[in-house]
Amino acid sequence: MKTEYKIITDIIEENTRVLDVGCDDGTLIEFLKKNKNVDIRGIEISKEKVQICVAKGLTVIEGNAELDLKQFPNNSFDYVILGQTLQAFINPEIVIKELLRVGKKAIVTIPNFGHWKVRLNLLTKGTMPVTKTLPNNWYNTPNLHMCTIKDFVKFSKIIDFKIFKSLALINRNVSNINNSNLFFKNLFAELGIFLIEK
Amino acid sequence: MNIKQKIKTLVIDKPLKLDCGQTISEFPLAYETYGSLNENKDNAILVFHALTGDQFVTGLNPITNKGGWWSFAVGPNKSIDTNKYFVICANVIGGCMGSFGPNHENPETKKIYGTDFPVITINDMVNAQVNLLDHFGIKKLFSVIGGSMGGMQVLQFVSNFPNKTKTAVPIACTSNHSAQNIAFNELGRQAITADHNWMDGKYTSKNTVPDKGLAVARMAAHITYLSKKSLQEKFGRKLQERDDLKFGFDADFQIESYLRYQGSVFVDRFDANSYLYITRAMDYFDLVKQFNGNLSNAFNNTKAKFFVISFTSDWLYPTQENKDIVIALNAIGADVGFVEIESDKGHDSFLLDVPDFLKVLKNFLDQSYTE
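Rules used throughout
- Residues numbered from 1 in each chain as written.
- Chains lettered and ligands numbered in written order.
- Predicted model: local features only at pLDDT ≥ 70, side-chain atom pairs only at ≥ 80, totals over all residues.
- Helix = DSSP H or I, 4+ residues; strand = E, 2+ residues; numbered from the N terminus.
- Rg over C-alpha atoms; globule rule 2.2 N^0.38 Å.
- Buried ≥ 20, exposed ≤ 12 C-beta atoms within 10 Å, placed from the backbone.
- Contact = placed C-beta atoms within 7 Å.
- Nonpolar A, V, L, I, M, F, W, Y, C, P; charged D, E, K, R; others polar.
- Domains from an automatic or database assignment.
- Expected span 1.5 Å × (residues − 1).
- Core = buried A, V, L, I, M, F, W, Y, C linked by C-beta atoms within 7 Å.
- Axes fitted to C-alpha atoms, helices over the stretch in contact; angles between N-to-C directions.
- Parallel < 35°, antiparallel > 145°, perpendicular 65-115°, else oblique.
- Left-handed = near helix turned anticlockwise from the far one by under 90°.
- Pairing = 2+ DSSP bridges.

Undergrad: Residue-level account of the overall build of chain B, with values.
TA: For chain B, the helix and strand inventory stands at twelve helices and 16 strands. A globule of 371 residues ought to have a C-alpha radius of gyration of about 21 Å, and chain B, at 20 Å, matches this closely. A total of 371 residues make up chain B; the buried ones form 48% of that total. The long-range fraction of contacts in chain B, counting pairs at least 24 apart against all pairs at least 6 apart in sequence, stands at 70%.

Structure (structure tokens):
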């Protein structure tokens, strides 16, 4: 998902402090470090992945975002990134609140369950959709709370956070999401990228 | 070569005020080095040893004629690569491998100190060792590294000398001893002092050794270094060179025989009074209290890059206590990485062949060195 990384990098300003939550093998951290002058670190639940990050010279702590974001003081980062993992948490509401406590801003990306292929998949096959951005079967997926771009926009009103930027990724092309095109973006975007604030 | 020739010693002239109030000066600090210091003098690593360790980190220990205590991690091309780094390790003060300790003669009384030796602390230990930097003309170390009590020294060193190291690696340690830690140490000390050969600590002048007590102390401590699982897998209920129970108190079980052996070899290389002093230093260590209940304040002034490592099966200094250090560092936005290594080998994991640990330590150091 190089395009996703590029979009995130474009959003982030120079000389800022960044935390990548669920940083996996550190690919995004590396990408950001290469392209922007930022002080960036990661938190990752998998021991194996943490060790890969250390081997790349990245600052990463092993931890669970649901439990271990607690240790960071309020506003200790300018940006907190949560890439395609919101749906995997037991309580996404608490996670979003924690992101916005720890970071002045948060960048959240979500695989869009409202994409037409997903809808068609379920409609025609009658089985849980398996797509490029959602590669797992229902029985082995880490995803607990799938949502659509529309759901996320609604969510912002329910738990009261501001969306500053919402971008849709359609076939590697980026476009803005607004109220008038929400229906279409929700149908065609594989990924939604949101810059949010308390 | 006699023992004295095999031990390198630096005599510290600068008076050192100990936490107990006494000031010591002209005291010996025994040390060893591995690898060579580069021209910029920026490749030095100060390794701190644990309770029963010494300055002989790797290769052959010339006193015991056994391998160094951290041979798995330190050496050419190893995690702490002596082809690349200049490794320094000193015997802690209070120890018994040449540094100023209770088995030294008190110049005033011309008698062995014994329990007249001042009580020393982790703080005293690192304040003594920092003199090695001046000795080698090192302004800033590349790293300070240590496991267990060595990890405590890492924390104290960075706190005392925030600008004297680029990186810091505390391994399997804690910022203060739990009641359980103190309890096990007290058990060891009681075993030593209950040995009638201990003679109020004056055993050397009476030509005797409290070896039974010291062996029991070691046996008890040794159990705390291992995990239940590793003991069970290694020994289970296997019998020692016999087909059946003997209905007596000999070592019927292999685990009994193993512990007795561990105790017996330990007394040959360690001083009972040193054991009392060093365990006391560990019990007294409390970096949280030292900074009025806020561990973060211990690290406020440092830019050092930390890497904290713990082990899943370590119940002596469990992951949570290591994580508390990470939390304190994150609270002040310090540069800290952390990983818990999967291992069945208990607290001793850091000393053993645990590939994930050895690899991650090497990667952290080599990556940080090129930064």
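Next comes the rest of the description.
Undergrad: Tell me about the interface of chain B and chain A, and please be specific about residues and values.
TA: Facing the 18 residues of chain B at the interface are 14 residues of chain A. Taken together, the elements giving at least two residues each to the side of chain B that touches chain A come down to helix H11 (319-331), strand S16 (335-341) and helix H12 (355-370) of chain B. With six residues, S16 of chain B is the single largest residue contributor to the side of chain B that touches chain A. Of the residues in the side of chain B that touches chain A, the class split is eight nonpolar, five polar and five charged.

Undergrad: Just give me the short version of the domain arrangement of chain B, but keep the residues and values in it.
TA: Residues and elements named next belong to chain B. As far as domains go, chain B holds domain 1 (3-177 + 287-370) and domain 2 (181-279). Taking the mean C-alpha position of each, domain 1 and domain 2 sit 26 Å from one another. Facing the 26 residues of domain 1 at the interface are 21 residues of domain 2. In the side of domain 1 that touches domain 2, the residues fall into ten nonpolar, twelve polar and four charged.

Undergrad: Describe H11 of chain B, with residues and values.
TA: Taking 1.5 Å per residue as the helical rise, H11 of chain B with its 13 residues ought to reach 18 Å, and the 18 Å between its terminal C-alpha atoms agrees with that figure. Taken together, the buried positions of H11 of chain B are Thr319, Asn322, Lys323, Ile325, Val326, Ile327, Ala328, Leu329 and Asn330 of chain B. Contact partners of the buried residues in H11 of chain B: strand S3 (60-62) of chain A together with helix H4 (149-160), strand S14 (165-171), strand S15 (305-311) and S16 of chain B. The positive-phi residue at the C-terminal boundary of H11 of chain B is Gly333 of chain B, with phi of around 70 degrees.

Undergrad: Could you give an account of the nonpolar core, naming the residues involved and the relevant values?
TA: In terms of nonpolar packing, the biggest core is built from 157 residues, with Val80 of chain A together with Ile45, Val87 and Ile309 of chain B touching the most fellow members. Summarising the domain contributions, this core has at least three residues from each of domain 1 (3-177 + 287-370) and domain 2 (181-279) of chain B. Excluding residues within four positions of it along the chain, Ile45 of chain B makes contact with Ile80, Tyr85, Phe86, Val87, Leu141, Phe142, Ser143 and Ile145 of chain B.

Undergrad: Residues and numbers for the packing of helix H5 (residues 179-194) of chain B against helix H9 (residues 272-284) of chain B, please.
TA: Residue and element names in this part refer to chain B. H9 packs onto H5 with a crossing angle of 160 degrees between their chain directions and a minimal axis gap of 10 Å. When the axis of H5 is compared with that of H9, the two are roughly antiparallel. Of the two possible hands of crossing, H5 and H9 adopt the one that is left-handed. Contacts between H5 and H9 involve Ile182, Asn185, Gly188, Arg189 and Ile192 from the first element and Ala272, Tyr275, Leu276, Thr279, Met282 and Asp283 from the second. Its residues placed into classes, the contact of H5 with H9 shows six nonpolar, three polar and two charged.

Undergrad: Describe the pairing of strand S1 (residues 17-21) of chain A, listing the residues and the values that go with them.
TA: Looking along a regular strand, one sees side chains alternate from face to face of the sheet. Residues and elements named next belong to chain A. Burial analysis of S1 places four of its five residues in the buried class, which makes it a mostly covered element. Here five bridges tie S1 to strand S2 (residues 39-44), and the two strands are oriented parallel to one another. By the bridge assignment for S2, Val21 is matched with Ile43. Examined bridge by bridge, S1 and strand S4 (residues 77-83) share four bridges and lie parallel to one another. For Asp20, the partnering residue across the bridge sits in S4 and is Ile81.

Undergrad: Tell me what's going on with the environment of Asp160 of chain A, and back it up with residues and numbers.
TA: Inspection of the secondary structure assignment puts Asp160 of chain A in the loop between helix H7 (149-158) and strand S6 (162-170). Spatially, the C-alpha atom of Asp160 of chain A lies 9.6 Å from that of Glu197 of chain A, the residues being 37 residues apart in sequence.

Undergrad: For unusual backbone geometry, give the residues involved together with the corresponding values.
TA: The residue Asp24 of chain A is not glycine, and still its phi comes out positive at about 55 degrees. Looking at the secondary structure, you find Asp24 of chain A in the loop between S1 and helix H2 (27-35). Assessed through the 20 C-beta atoms surrounding it within 10 Å, Asp24 of chain A is described here as buried. Positioned with a positive phi, Lys110 of chain B is a non-glycine residue whose angle comes to about 60 degrees.

Undergrad: Outline the pairing of strand S5 (residues 44-48) of chain B, supporting the account with residue identities and numerical values.
TA: Residue and element names in this part refer to chain B. Across the five residues that make up S5, a large majority, five, are buried. Every second residue of S5 is oriented toward a common face, with Ala44, Leu46 and Phe48 on one face and Ile45 and Val47 on the other, all of them buried. The pairing of S5 with strand S10 (residues 86-90) spans four bridges and is parallel. Of the residues in S10, the one forming a bridge with Val47 is Cys89. Sheet topology note: the S5/strand S13 (residues 141-147) ladder contains four bridges and is parallel. Bridge assignment links Phe48 to a residue of S13, and that residue is Gly146.

Undergrad: Lay out the environment of Lys229 of chain B in plain terms, naming residues and giving numbers.
TA: All names here are of chain B. Inspection of the secondary structure assignment puts Lys229 in helix H7 (residues 228-234). Using a count of 12 C-beta atoms within 10 Å as the deciding quantity, one classes Lys229 as exposed. For the pair formed by Lys229 and Ser313, sequence separation is 84 residues and the distance between their alpha carbons is 8.6 Å.

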